[in-house]
Amino acid sequence: MSAKGSVPARRGRPPIEAAESHAAILDAVYELLQERSVRDLTMEAVANRAGVGKPTLYKWWPTKAALVLAMFRERIAVALPSPSVGTAEEAIRVVACALIGPLNGQLGKVLSELIAEGQSEPAILRELFDKHIRGHQEADVAAIERGKTSGELASDADPELIIDAVFGAIFYRLLFRTSPLTEEFSDKLVSQVFRGARARTSEARSKPRRVKPA
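Definitions and limits used
- Per chain, residue numbering runs from 1 following the sequence as it is written.
- Two thresholds apply to this predicted model, a pLDDT of at least 70 for residue-level local features and 80 or more for giving and counting side-chain atom pairs, whereas whole-chain, interface and lining totals are computed over all residues.
- Only hydrogens and water are removed before side-chain values are computed, so all heavy atoms of the structure are retained for them.
- Any two of the Phe, Tyr and Trp rings considered here, Trp counted by its six-membered ring, make a pair once their centres fall within 6.5 Å; the pair's planes then place it as stacked at under 30 degrees, edge-to-face at over 60, or tilted in between.
- Secondary structure elements are defined from DSSP: runs of H or I of at least 4 residues count as helices, runs of E of at least 2 residues count as strands, and each element is numbered from the N terminus.
- Classification of residues uses two cut-offs on accessible area relative to the type maximum, computed with a 1.4 Å probe and protein chains only: under 20% is buried, over 50% is exposed, and between them is partly exposed.
- Nonpolar side chains (Val, Leu, Ile, Met, Phe, Trp, Tyr) are joined into patches within 5 Å and like charges within 9 Å, using only residues with over 30% relative accessible area and no salt bridge.
- Surface accessibility follows the Shrake-Rupley procedure with a 1.4 Å probe radius. Residue values consider only the protein chains on display as shielding.
- Think of a salt bridge as a Lys or Arg side-chain nitrogen and an Asp or Glu carboxyl oxygen that are within 4 Å of each other.
- Cavity and pocket criteria rest on a 1 Å grid covering protein atoms alone: a 1.4 Å probe that fits but cannot get out defines a cavity, protein on both sides within 12 Å along at least 5 of 7 lines defines an open pocket, and an atom within 4 Å of a point defines a lining residue.
- Grid points are joined across faces, edges and corners, and a volume is the space filled by probe spheres set on the points.
- Residues are grouped as follows: Ala, Val, Leu, Ile, Met, Phe, Trp, Tyr, Cys and Pro are nonpolar; Asp, Glu, Lys and Arg are charged; all remaining types, including Gly, are polar.
- Definition used in this section: a nonpolar core is a set of buried Ala, Val, Leu, Ile, Met, Phe, Trp, Tyr and Cys residues joined via side-chain atoms within 4.5 Å.
- Whether two residues are in contact is decided by their heavy atoms, any of which lying within 4.5 Å being enough.
- In this description, a line fitted to the C-alpha atoms serves as the axis of each element, helices being fitted only across the stretch in contact, and the angle between N-to-C directions of two axes falls anywhere from 0 to 180 degrees.
- We call two directions roughly parallel when the angle between them is under 35 degrees, roughly antiparallel when it is over 145, roughly perpendicular when it lies between 65 and 115, and oblique otherwise.
- By the definition used in this description, the sense in which the near helix is turned from the far one sets the handedness, with an anticlockwise turn below a right angle giving left-handed and a clockwise turn giving right-handed.
- Scored from 0 to 100, pLDDT reflects the predictor's confidence in each residue.

Colleague: Outline the packing of aromatic side chains, listing residues and values.
Modeller: Taken as a whole and judged by the stated rule, the model has two aromatic pairs. Between Y172 and F176, the aromatic rings sit 5.0 Å apart at their centres with planes inclined by 40 degrees, giving tilted as the arrangement. Separated by four residues within a single helix, Y172 and F176 lie in helix α8 (residues 159–176), roughly one turn from each other. Among the residues examined, Y172 registers a relative accessible area of 46% and is labelled partly exposed.

Colleague: Before we move on, can you summarise a nonpolar patch on the surface with the specific residues and values?
Modeller: A cluster of nonpolar side chains, namely Y172, L175 and F176, defines an oily patch on the protein surface of about 340 Å² accessible area. Examined against the element boundaries, L175 turns out to sit in helix α8. L175 sits in the partly exposed class, given a relative accessible area of 40%.

Colleague: Could you give an account of the layout of surface pockets, with specific residues and numbers?
Modeller: The space that makes up the largest pocket amounts to roughly 670 Å³. Lining the largest pocket are 25 residues, with L111, F129, H132, I133 and F171 positioned closest to its centre. Elements supplying a minimum of two residues to the lining of the largest pocket: α5 (88–103), α6 (106–117), α7 (122–150) and α8. No other element matches α7, which puts nine residues into the lining of the largest pocket. Taken together, the residues of the lining of the largest pocket sort by class into 18 nonpolar, four polar and three charged.

Colleague: Report on the nonpolar core, specifying residues and quantitative values.
Modeller: Counting residues in hydrophobic clusters, the biggest one holds 54 residues, and the most contacted among them are V46, L114, V166, F167 and I170. Looking at this core, the elements with two or more residues in it are α1 (15–32), α2 (43–50), α4 (64–76), α5, α6, α7, α8 and α9 (183–197). A total of eight residues in this core trace back to one element, the largest contributor, which is α4. Ignoring anything within four residues of it in the chain, the contact list for V166 reads I92, A96, L189, V190 and V193.

Colleague: Tell me about empty space enclosed by the protein, and please be specific about residues and values.
Modeller: Counted according to the given criterion, the structure contains one cavity of 30 Å³ or more. In this structure, the largest cavity spans a volume of roughly 40 Å³. In this structure, the largest cavity is lined by V38, K64, A65, L114, E117, E121 and I124. Breaking the lining of the largest cavity down by element, the ones donating at least two residues are α4 and α6. A class-by-class count of the residues in the lining of the largest cavity yields four nonpolar, no polar and three charged.

Colleague: Any chance you could break down the packing of α8 against α9 for me, citing the residues and the numbers?
Modeller: Interaxial distance between α8 and α9 falls to 10 Å at its minimum, and their mutual angle equals 155 degrees. Taken together, the axes of α8 and α9 are roughly antiparallel relative to one another. Between α8 and α9 the crossing geometry is right-handed. Two secondary-structure elements touch here, α8 through I162, A165, V166, A169, I170 and R173 and α9 through F185, S186, L189, V190, V193, F194 and A197.

Colleague: Account for the confidence of the model for the protein chain, naming residues and giving values.
Modeller: Mean pLDDT over the protein chain works out to 89, with 86% of the residues at or above the 70 mark. With pLDDT under 50 throughout, residues 1–12 is counted as low confidence; its partners more than four residues away or in other chains account for one contact. When the criterion is pLDDT under 50, residues 207–214 qualifies, and its contacts beyond four places in sequence or with other chains add up to zero contacts.

This is how it looks when you write it as structure tokens:
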């Protein structure tokens, strides 16, 4: 029995040591995914590279997918420009162009592999969308609605269809590698999509007609 007033023994790793192990594990995942795919990654390989035991991994991340998603969030995910200034077309163009470089690097590699893994583990797709895509999509929708209000875009322009047309085409090239994913492609894509969404001249100039009294 401990003496009255004694300090209870601390269990587990000290905070600094735990933080160092956490960082070493995520660094190990990042490094290993430059050498192999998400599918070929193993928890044992991560533990060996990070210099920790497998129980430490499972204490913080119950599955390999959870571990890779944590690394993606802390080491790879990029902050995109806010589409809150300029015209709707300019705002979406800036966001789309900002994606091209990262998608051609480690972000694109890991993201496409996570999407592939998500076909058999839907929870991966839900987390990717909820934590990394939903916020950007909502900001893009707001930019397009602003364009409709200003008269830049047709009143019946569908924000979600515009977003799908732009970013769906970008991800199509990322996943299928049909053609190079370049800023030139992104720029032309946005121009093409918004050409069809612009307000028609007759709509922009139309005003309610006054009915003359008989």
